[in-house]
Structures are given as structure tokens and as C-alpha cells.
Amino acid sequence: MDIIETIKNQLESNDIILYMKGSPQMPQCGFSARTVQALMACGERFAYVNILDNPEIRENLKTYSNWPTFPQLYIKGELIGGCDIVTELYESGELKQMVAAAVGKSA
Amino acid sequence: MNIEQFIKDTLATDFAPSFMEVLNESHQHSVPKNSETHFKIVLVSDTFEGKSKVARHQLLYKNLDAALKGGVHALAMHLYTPEEWKLANAQSPDSPQCMGGSKKEPLAAKRASV
């Protein structure tokens with residue numbers, strides 16, 4: 001399958017998906033670690049892709065999203081942001097609401 | 001011109017900021033001494049009025065593309081309108097600590113793939 005199709009598929013079939021360096025259990029970068037922490041604190045399941053293991057997705061997603069760095073968080077197919085934005089949203093309480101809404105719960 | 005100066009000049013010209021801070025945080029990461037790979041940017045500008053957070057970041061990524069292609073690996077960005085900056089008490093968050101991930105990446109890939 002075309003790599004862009006793969007990315008679109010991942011974004012469509014996962015309400016919450018994080019493209020990161022490493023895994024949630026073992027993040028390989030401070031920015032990814034902080035983002036995962038914020039997301040886990042929201043208490044819902046989410047999908048992730050370790051871009052260190054997927055160089056093709058890594059290269060293509062940067063162009064696709066107009067966002068040249070990782071992590072990248074998507075909710076319902078929409079780019080929410082990287083570490084700085086996700087952290088801000090977490091601290092303001094918005095992230096929890098967005099995550100809850102994405103999985104069909106009211107926060 | 002070094003990368004830090006390029007970033008400062010570009011941001012000053014493109015955004016006419018009322019406050020700007022560009023910090024080279026590369027020493028906090030697993031890169032050689034005197035590297036210019038990790039920067040923190042705090043920018044306060046009217047330009048951000050009415051723009052989403054994602055759009056603001058994308059704007060900086062676009063304007064700083066040459067720096068990213070020239071070896072910059074990470075940009076921590078805190079972008080405010082003057083009003084938001086006032087509400088934030090003129091303080092931006094700290095950047096996260098490194099976890100050494102880039103040690104596991106080949107140098108060429110690291111360069112290409114921020």
C-alpha cells in the first residue's frame with residue numbers, strides 16, 4: 001500500500017494516535033516522553049507508532065502534516081500538536097476533554 | 001552566520017515580536033559540544049492573533065525551514081499574542097530533559113529527520 005494511504009488509514013481508524021520516538025513504556029526522547037505522560041494521565045487508550053522503527057512513515061508524515069518534528073498527536077484525524085501544545089492543553093484541562101470526547105465520553 | 005543568529009534574525013524580521021527569546025539548549029542533549037541542534041523559542045507577536053496553536057507552529061517551521069534542513073533537530077516553541085503573554089505572567093515552560101534517543105540513530109538519519 002502507498003505510504004500516504006497507510007498514514008491516512010492509521011489516522012482514520014484510530015481516534016487517538018501518537019507518532020513518537022520509542023514506545024509509551026520506553027520513550028526515546030524527552031519531548032515524546034512528556035507528551036506520552038500527558039496523554040496517559042487522561043486515562044484513555046490510544047494507539048501509537050514508533051517512528052524510529054518506521055522511517056518511511058516518519059519522512060512522509062512530516063510533509064503530509066506540514067510538521068517536521070516528532071511527537072505528533074492526532075485526535076479524530078486532526079493534528080493537535082507536538083510536545084509544547086499537548087503539554088499546554090493538558091495543563092489547561094482541555095486535553096482530557098478532547099480525549100474523552102474522542103472516545104465518546106463526556107469529561 | 002550561525003544558526004542561532006539566523007533564527008533570531010528571521011523571527012525578528014518575520015514576526016516583529018514584542019518579546020523574543022531564543023535559547024540554545026543543545027548542551028542538554030546527547031550531541032557534541034557547541035552544537036546547534038536544540039533550541040527553545042519564546043515569541044510574542046500580534047501575528048499570532050486569530051491563529052490556532054498548530055497554525056502558529058507551522059508558520060515558524062516554515063520560516064525556519066533552512067535551520068531545520070541545516071541540522072536543527074528540535075524546536076521547543078512557546079508562541080503568544082501580547083494578550084496571552086500577559087495572562088501567562090510573561091513566563092514560558094521549561095523544555096523536557098533529553099532521553100538520549102538520537103544516540104541510537106545513525107547520524108545521516110538524524111540530520112535528515114529532525
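Residues numbered from 1 in each chain as written. Chains lettered and ligands numbered in written order. Predicted model: local features only at pLDDT ≥ 70, side-chain atom pairs only at ≥ 80, totals over all residues. Heavy atoms only, no water.

Describing the overall build of chain A
Stage number 1. When helices and strands are counted, chain A shows five helices and four strands.
Stage number 2. Shown N-terminal to C-terminal, the secondary structure of chain A runs as helices and strands in the order α-β-α-β-α-β-β-α-α.
Stage number 3. By principal-axis analysis of the C-alpha atoms, chain A measures approximately 35 × 30 × 25 Å.
Stage number 4. The 107 residues of chain A split such that 54% are buried.
Stage number 5. The long-range share in chain A, meaning contacts at least 24 apart out of those at least 6 apart in sequence, stands at 60%.
Stage number 6. Surface exposure of chain A reaches about 5,000 Å², of which carbon and sulfur atoms provide 47%.
Stage number 7. Of the charged side chains in chain A, 9 are positive and 13 negative; the average position of the first set lies 5 Å away from that of the second. (Helix = DSSP H or I, 4+ residues; strand = E, 2+ residues; numbered from the N terminus. Buried < 20%, exposed > 50% of the residue type's maximum accessible area, 1.4 Å probe, protein only. Contact = heavy atoms within 4.5 Å. Areas by Shrake-Rupley, 256 points an atom, 1.4 Å probe, with all protein chains shown as cover. Lys, Arg positive; Asp, Glu negative; His and termini not counted. Charge placed at Lys NZ, Arg CZ, Asp CG, Glu CD.)

Things to note about the interface of chain A and chain B
Stage number 1. Between chain A and chain B, the contact holds 26 residues from the first and 27 residues from the second.
Stage number 2. On the chain A side of the contact with chain B, Gln 28, Phe 31 and Asp 84 of chain A bury the most area, a combined 25% of that side's loss.
Stage number 3. Counting the contacts that link chain A with chain B gives one salt bridge.
Stage number 4. Linking Lys 53 of chain B and Glu 88 of chain A is a salt bridge whose minimum nitrogen-to-oxygen distance equals 2.7 Å.
Stage number 5. Our count for the contact surface shared by chain A and chain B stands at six residue pairs in polar contact (both at pLDDT 80 or more). (Buried area = accessible area lost by both parts, 1.4 Å probe. Salt bridge = Lys/Arg side-chain N within 4 Å of Asp/Glu carboxyl O. Polar contact = N/O pair within 3.5 Å; in protein donor to acceptor, adjacent residues only side chain to side chain.)

A closer look at the layout of surface pockets
Stage number 1. Size it by volume and the second largest pocket reaches roughly 230 Å³.
Stage number 2. Broken down by secondary-structure element, the contributors of at least two residues to the lining of the second largest pocket are helix 4 (83-91) of chain A together with helix 2 (53-63) and strand 3 (74-80) of chain B.
Stage number 3. Its residues placed into classes, the lining of the second largest pocket shows five nonpolar, two polar and five charged. (1 Å grid on protein atoms, 1.4 Å probe; cavity = no way out; pocket = protein on both sides within 12 Å on 5 of 7 lines; lining within 4 Å. Points joined across faces, edges and corners; volume = space filled by probe spheres on them. Nonpolar A, V, L, I, M, F, W, Y, C, P; charged D, E, K, R; others polar.)

Quick word on the sheet that holds strand 1 (residues 16-20) of chain A
Residue and element names in this part refer to chain A.
Stage number 1. Across the sheet, which stays open at both edges, the four strands sit in the order 2-1-3-4 with mixed pairing between neighbours. The sheet is open, and its two borders are formed by strand 2 (47-50) and strand 4 (78-81), each paired with just one other strand. The sheet shows a mean angle of 25° between the axes of neighbouring strands, direction not considered.
Stage number 2. Sheet topology places strand 3 (residues 72-75) next to strand 4; three bridges connect them, and they run antiparallel. Its bridge partner lying in strand 4, Tyr 74 is registered against Leu 79.
Stage number 3. Sheet strands touched by helix 2 (residues 30-40): strand 1 and strand 3. Its angle to strand 1, the strand with the most contacts, is close to 165°. (Pairing = 2+ DSSP bridges. Axes fitted to C-alpha atoms, helices over the stretch in contact; angles between N-to-C directions.)

A few points about the nonpolar core
Stage number 1. In this structure, Tyr 19 and Leu 73 of chain A together with Ile 7, Leu 11, Ile 41, Leu 60 and Leu 75 of chain B are the most contacted members of the largest nonpolar core, which totals 48 residues.
Stage number 2. In terms of residues, this core owes the most to one element, strand 1 of chain A, which gives five residues.
Stage number 3. When near neighbours in sequence (up to four residues on either side) are disregarded, Leu 11 of chain B contacts Ala 16, Pro 17, Met 20, Val 22, Ile 41, Leu 43, Leu 60 and Leu 64 of chain B. (Core = buried A, V, L, I, M, F, W, Y, C linked by side-chain atoms within 4.5 Å.)

Some points on the packing of helix 4 of chain A against helix 5 (residues 94-102) of chain A
Residue and element names in this part refer to chain A.
Stage number 1. Where helix 4 contacts helix 5, the two axes come as close as 5 Å, and the packing angle between them is 95°. Comparing the axis directions of helix 4 and helix 5 gives the class roughly perpendicular. Counted together, Val 86, Leu 89 and Tyr 90 of helix 4 and Glu 94, Leu 95 and Met 98 of helix 5 form the full contact between these two elements.
Stage number 2. Here the contact of helix 4 with helix 5 is built from residues that sort into five nonpolar, no polar and one charged. (Parallel < 35°, antiparallel > 145°, perpendicular 65-115°, else oblique.)

Here's the deal with the sheet that holds strand 2 (residues 38-44) of chain B
What holds strands together in a sheet is hydrogen bonding between their backbones, with the strands either parallel or antiparallel.
Residue and element names in this part refer to chain B.
Stage number 1. Strand order in this open sheet of three strands is 1-2-3, and the pairing throughout is mixed. Among the strands making up the open sheet, the edge pair consists of strand 1 (19-24) and strand 3. Each strand axis lies, on average, 10° off the axis of its neighbour in the sheet, ignoring direction.
Stage number 2. Note: strand 1 against strand 2, six bridges, orientation antiparallel. For Glu 21, the partnering residue across the bridge sits in strand 2 and is Val 42.
Stage number 3. Across the sheet, helix 1 (residues 3-15) touches strand 1 and strand 2, and the angle it forms with strand 1 is around 165°.

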